[in-house]
Amino acid sequence: MSTNDLKTAGLSRRGLLKSATALGAAGLILPASVRRAMAQPKRGGTIRIAFASGNTTDSLDPATWDSQFVQSFNTARNNTLTEIAPDGSLVGEIAESWEASADAKTWTFKIREGVTFHSGKSVTPDDVVASINYHRGEESKSAAKPYVDPIDDIKADGQNVVVTLSGGNADFPFIMADYHLVVLPSADGKIDPLTTDGCGGYVLDSFEPGVSVKMSRNPNYWKSDRAWFDNVELLSIVDAAARQNALITGEVDVIDSVDLNTVALLQRAPGINVLPIAGNQHYVFVMDTRAAPYSDNNVRQALKYGIDRQELVDKILQGYGEVGNDIPIGRQQPYYNTELEQKTYDPDKAKFHLKEAGMDSLNVQLSVADSAFAGAVDAGVLFSERAAAAGINIEVVREPSDGYWDNVWMKKPFCASYWGGRPTQDLMFSVAYQGGAPWNESFWDNARFGELLVAARSELDDDKRRAMYWEMQDLCANEGGTVIPMFASYVMAHTDAVGIPEVVGANQGMDGLRAIERWWFA
Amino acid sequence: MSVVWTMIAKRLGLGLLTLFVISIIIFGATELLPGDLATSILGQSATPETVAAIRKELGLDLPAHTRYLNWLVAALQGDFGTSLANKRPIADLIGTRLGNTLFLALYAAAIAVPLSLMLGILAALYRNTVFDRAANALALTSISFPEFFVAYILIFVLAQSGLFPSIARMDASTSFGEALYRTFLPALTLTLVVTAHMMRMTRAAIINLLASPYIEMARLKGMNPMRVILKHALPNALAPIITVVALNLAYLITGVVVVEVVFVYPGLGQLMVDSVAKRDIPVVQAVALIFAAAYVLLNLTADVLSTLSNPRLIHRK
Amino acid sequence: MATLVTLLWIAVAIAAALGAGWLFRAGAVAVTRGPLARALRGAPLTAAFGMLVILLYILVAIFAPVIAPFAEREVVGSQFLPWEAPYYLGTDNLGRDMFSRLVYGARNTVGIAFATTALAFAIGSVLGLLAATVGGWLDQVLSRVVDILMAIPSLIFSLLLLTIFGTSIVTLILVIATIDATRVFRLARSVAQNIVVMDYIEAAKLRGEGLWRLITREILPNAMAPLVAEFGLRFCFVFLMISALSFLGVGVQPPTADWGSMVRENATLITFGDVTPLLPAGAIALLTVAVNFVVDWMLHRASGLKE
């Protein structure tokens, strides 16, 4: 296969992604007031955004960006090689274009010329290599290390950056859009991770960890149709009531993570719009498939039938989400298995599976904390109430939020967890469902699933690939150790003054973390 | 007077010892918390390799007593080091926040202390009247609401109508008057939280003395009841009142994390809670020591003042 | 106008409360005899009202399963239903009956608060009285330990301890009781110090009374008044502590209903003018006021003032 063929293959893949995400966009029905605000973008103003996250220990180091606050602010300060567009397709950012070798093992990114850092230095391929290398290798302390581990070699070649992978991966450019992998200025092949410099649309003026960030527009930004606000102020307001009050009293213009318990009341406040975006974010209850009784697939199936998914969507998400079907793939993703039977609450089926497992009743402990996802404790209580009808007694154990990911997740045999979702099916499955993957939270190791995953990764025939992904989803739903009862929308709110694009990114919260450079004052 | 000086010297010495022991307790407790900085920073993204790399770089792989001694030696030389999590010097992190915390504490105290003394004296004077009962019931109601709830109610009533800002943002350019205005709601919340305790103690301490023979005497001489309380009862009731005021001042400095969270006020409490969550031990240690020092100093001041207020204690046999 | 109506309602509520207090006092005097009846007859209406409220809370706590129409954890319908039969106070965010949860909350909350305060007083006052009576090195050691524990901010200290030991109800009680005990110790010690120098204690020592007898028979009765006053406030601070802890993410385990956590769960509603969180908060406030009214009366009796 010549390079040319692959390029077309890549193009058709992108085309496919576009048509598929159009579905998602159609599902997004915006309230009239929002559409009114959708005039032409214009420059000016100081946007003030309040985030539910942000911590006094936050750092400028890209290895550590763990919350929407630091992620959003650094995405405004920096650029990555590629960008996931609001419609879910992939577009170039620092990389102008890219192409792969026939086996999808070697990728060549052409670096955009004429882009400069805030300090005035040009962005060079060497900067890109140093920035990616910061996350790689033995010494890496980066949360993104597992993403860049498949890179065998990365080097600059003229205006290009050439990446060699240990195995073929047709979706590799999507990985380069990850928010950790920003391009920072380098010297002697190393970046200074604590630099305040960047090449994004906004220049950092001040950063007080856990309190606020102030930024001003980068006058030399290479994108002409982005970065509309003159100044940006980001606040960390962790308390839900305080955040909503700040919006109501006009002290901020936008808030993320609206408290769903009071969203109906907030909607009634004059001049306030609630903005729900359905994405791939899903909340899960995960079992350790190595440990009894979860090692028996009948027990896992019983629990999957013992949960009232619709009630969770109604009461925990207040309707701002969709029922899940135990697969980590969103309905708007291209390879979503539309023919898989939707599991519903069915105590009889749950009892049947228990009997198959040789049990009359089942007593288990479910570990939860609201740091797993907002409402996890309540969701656990509802799960427990409903499962009781099937003879499953779930004792809900509230674990301390502090240290949840370290002490409970992947340690306790049955616990709550969440996933922001991944832009591609391959990435989602590889990260959390492939046997032996570091974040395979259910420790599920299915041979057939593993084979299909590797085969699909470098399969370029779309129909064959689809068939593989559909079979994987079937395995996941009917044999996997993860109960995925609901997909939660990202729910934000803003005042009438803020202009929102017609299509809002759903790959992460805050318009794919890019609200700051994509939104404007109407 | 030399009694007082000896007492101060002795208590300061003990205070230093207290700080030393507290640094061990806090270090030990933070060590006992499951997980460390590496795992809590990486959270759900942790893998064994990255965790090991962070531990190695920050020296978290050293044994606990080595790390404690290293910290102690540096701290004794006045160097509190840098935050492990974001590599900033701890002195910078704490500087402005300490100022903010003290500002809010003094602001609240400036309202609460005179108010509660006045109410306490009036309640003692008009004891068992409607005024006494009403003041008591109101004060008790205000302390039986959790702080964050009092704050929400004040926000609902006073901030949503636009009278005061609902978040108390401060930066270097905020003028003093502006700062008073912005932090009015948190100061009012704290006032409501601490007034009841001080008021009830004032009232109780005064009433406790009213049955004494010398007060009886003053009253029999036909002295005005207000004068009896101010001239004869209050001076002898000062010691317990001063103690409870000092306790509440210490609370205003060290215990207001919830109010800081609700009003987004950058104080030390929030820094401490965040640093505990991230196991950023040097920051936790520094803040804990500031809190402990504030407590020790306030207690000492209270004891000195109580002693000075009572000549019998100065000229002890 | 709205203010006037509110004031009128408050006046009506106070009048009703005093009336109930009067009836209760009359009833109580009628069924008791001797010194108790005499004491009750002299009780002010506020104290009578306080006793009535405490009695009601105890009854509700004991007979919770009889009074509550639904089970504590039962999901009975959809969420936030209005105040209509059979859900007299509506439903909460998961669709559980609010009235039933308040009733069960009385049992859990008052139980936890009482256990915690009693434990704190048992530890704190025994050690405090002991330290003051024995003096010497025991006093030094205990006082220094307490100084150190008190110098660590209590909320943050309990957060640390609860994270280390987990948040079962037993650890919650133990942790809060330990922290409260330091406060009680200081008070008990300082009160007892003024008593041990009295002549009658000297006399008792010369009579050869043992340490235990000295403390329980001679010192404790004379130190009772300030300790009781402190008990009234500490009792209420336990609710607040639990509430603040649940604000910071640790607290009573679900689905147990307790007022502190219920205030926390519904608190955001108050910023939209919804009164739901006022129900558990009001339940706490009423009990606080009631307990302290009774305490005030006992203090007044102890002080020996006539009027």
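Here the structure is shown first, and the text comes after it.
### Section: the overall build of chain C
Here's step 1: Secondary structure summary: chain C contains 12 helices and zero strands in total.
Here's step 2: Across the 307 residues that make up chain C, the buried fraction comes to 54%.
Here's step 3: Across chain C, contacts joining residues at least 24 apart in sequence account for 67% of those joining residues at least 6 apart.
Here's step 4: Surface accessibility of chain C: about 13300 Å² in total, with carbon and sulfur atoms responsible for 71%.
Here's step 5: Taken together, the 20 basic and 18 acidic charged side chains of chain C have centroids lying 8 Å from each other.

### Section: the sheet that holds strand β5 (residues 106-111) of chain A
All names here are of chain A.
Here's step 1: Pairing is antiparallel across the open sheet formed by four strands, whose spatial order is β4-β5-β7-β6. Edge positions in the sheet fall to β4 (95-100) and β6 (151-157), since each has one partner strand and no second. Shown here is a sheet whose adjacent strand axes are inclined to one another by a mean of 20 degrees, direction ignored.
Here's step 2: Relative to strand β7 (residues 160-165), β6 runs antiparallel, the two sharing six bridges. Bridge assignment links A156 to a residue of β7, and that residue is V161.

### Points about the packing of aromatic side chains
Here's step 1: This model, assessed by the stated rule, comprises 36 aromatic pairs over all chains.
Here's step 2: When the centroid spacing of 6.4 Å and the interplanar angle of 40 degrees are considered together, the rings of W98 of chain A and F109 of chain A count as tilted. In this pair, W98 of chain A sits in strand β4 while F109 of chain A sits in strand β5, placing the two residues 11 residues apart along the sequence. F109 of chain A carries the same exposure label as W98 of chain A, and that label is buried.
Here's step 3: Arranged with centres 5.5 Å apart and planes meeting at 85 degrees, the rings of F145 of chain B and F149 of chain B form a pair that is edge-to-face. Accessibility classification places F145 of chain B together with F149 of chain B in one group, the buried group.
Here's step 4: Through a chain of ring-to-ring contacts, the aromatic side chains of Y283, F285, Y294, F373, F383 and F414 of chain A assemble into a single cluster.
Here's step 5: For the cation-ring pair, R290 of chain A lies above F443 of chain A, with the distance from its terminal atom to the ring centre recorded as 3.6 Å.

### A word on the packing of helix α4 (residues 64-76) of chain B against helix α14 (residues 281-309) of chain B
Residue and element names in this part refer to chain B.
Here's step 1: For the pair α4 and α14, the least separation of the axes is 12 Å and the interaxial angle reads 55 degrees. In this view, α4 runs oblique relative to α14, as classed from their interaxial angle. Between α4 and α14 lies a crossing whose hand is right-handed. Between α4, through R67, Y68 and W71, and α14, the contact on the second element is made entirely by I281, P282, Q285 and L289.
Here's step 2: Looking at the contact of α4 with α14, its residues break down into five nonpolar, one polar and one charged.

### A closer look at the interface of chain B and chain C
Here's step 1: Taken together, the contacts link 48 residues of chain B with 46 residues of chain C.
Here's step 2: Contact between chain B and chain C buries roughly 4400 Å² in total, counting both sides, with carbon and sulfur atoms accounting for 77%.
Here's step 3: Viewed at the interface, chain C and chain B are joined by one salt bridge.
Here's step 4: One salt bridge in this structure joins R200 of chain B and D296 of chain C, with 2.9 Å as the shortest N-O distance.
Here's step 5: Inspection of the region where chain B meets chain C yields three residue pairs in polar contact (both at pLDDT 80 or more).
Here's step 6: If you list the elements that add at least two residues to the side of chain B that touches chain C, you get α1 (2-32), α6 (130-144), α7 (147-159), α9 (184-210), α11 (225-254), α12 (257-262), α13 (268-277) and α14 of chain B.
Here's step 7: No other element matches α1 of chain B, which puts eight residues into the side of chain B that touches chain C.
Here's step 8: Among the residues forming the side of chain B that touches chain C, the class breakdown is 33 nonpolar, 10 polar and five charged.

### Description of the interface of chain A and chain B
Here's step 1: On the side of chain B, 42 residues touch chain A, which itself brings 44 residues to the contact.
Here's step 2: The largest share of the area that chain A buries against chain B comes from T56, T57 and K141 of chain A, three residues that together contribute 17% of it.
Here's step 3: There are two salt bridges connecting chain A and chain B.
Here's step 4: Taking the shortest distance from any N to any O, the salt bridge between E233 of chain A and R169 of chain B comes out at 2.5 Å.
Here's step 5: Those elements that place two or more of their residues in the side of chain A that touches chain B are α5 (145-148), β12 (231-236), α7 (240-248), α13 (404-407) and β19 (414-419) of chain A.
Here's step 6: In terms of residue count, the dominant contributor to the side of chain A that touches chain B is α7 of chain A (five residues).
Here's step 7: When its residues are assigned to classes, the side of chain A that touches chain B shows 19 nonpolar, 13 polar and 12 charged.

Basis of the calculations
Residues numbered from 1 in each chain as written. Chains lettered and ligands numbered in written order. Predicted model: local features only at pLDDT ≥ 70, side-chain atom pairs only at ≥ 80, totals over all residues. Heavy atoms only, no water. Helix = DSSP H or I, 4+ residues; strand = E, 2+ residues; numbered from the N terminus. Buried < 20%, exposed > 50% of the residue type's maximum accessible area, 1.4 Å probe, protein only. Contact = heavy atoms within 4.5 Å. Areas by Shrake-Rupley, 256 points an atom, 1.4 Å probe, with all protein chains shown as cover. Lys, Arg positive; Asp, Glu negative; His and termini not counted. Charge placed at Lys NZ, Arg CZ, Asp CG, Glu CD. Pairing = 2+ DSSP bridges. Axes fitted to C-alpha atoms, helices over the stretch in contact; angles between N-to-C directions. Phe/Tyr/Trp six-rings, centres within 6.5 Å; stacked < 30°, edge-to-face > 60°. Lys NZ or Arg CZ within 6 Å of the ring centre and 35° of its normal. Parallel < 35°, antiparallel > 145°, perpendicular 65-115°, else oblique. Left-handed = near helix turned anticlockwise from the far one by under 90°. Nonpolar A, V, L, I, M, F, W, Y, C, P; charged D, E, K, R; others polar. Buried area = accessible area lost by both parts, 1.4 Å probe. Salt bridge = Lys/Arg side-chain N within 4 Å of Asp/Glu carboxyl O. Polar contact = N/O pair within 3.5 Å; in protein donor to acceptor, adjacent residues only side chain to side chain.

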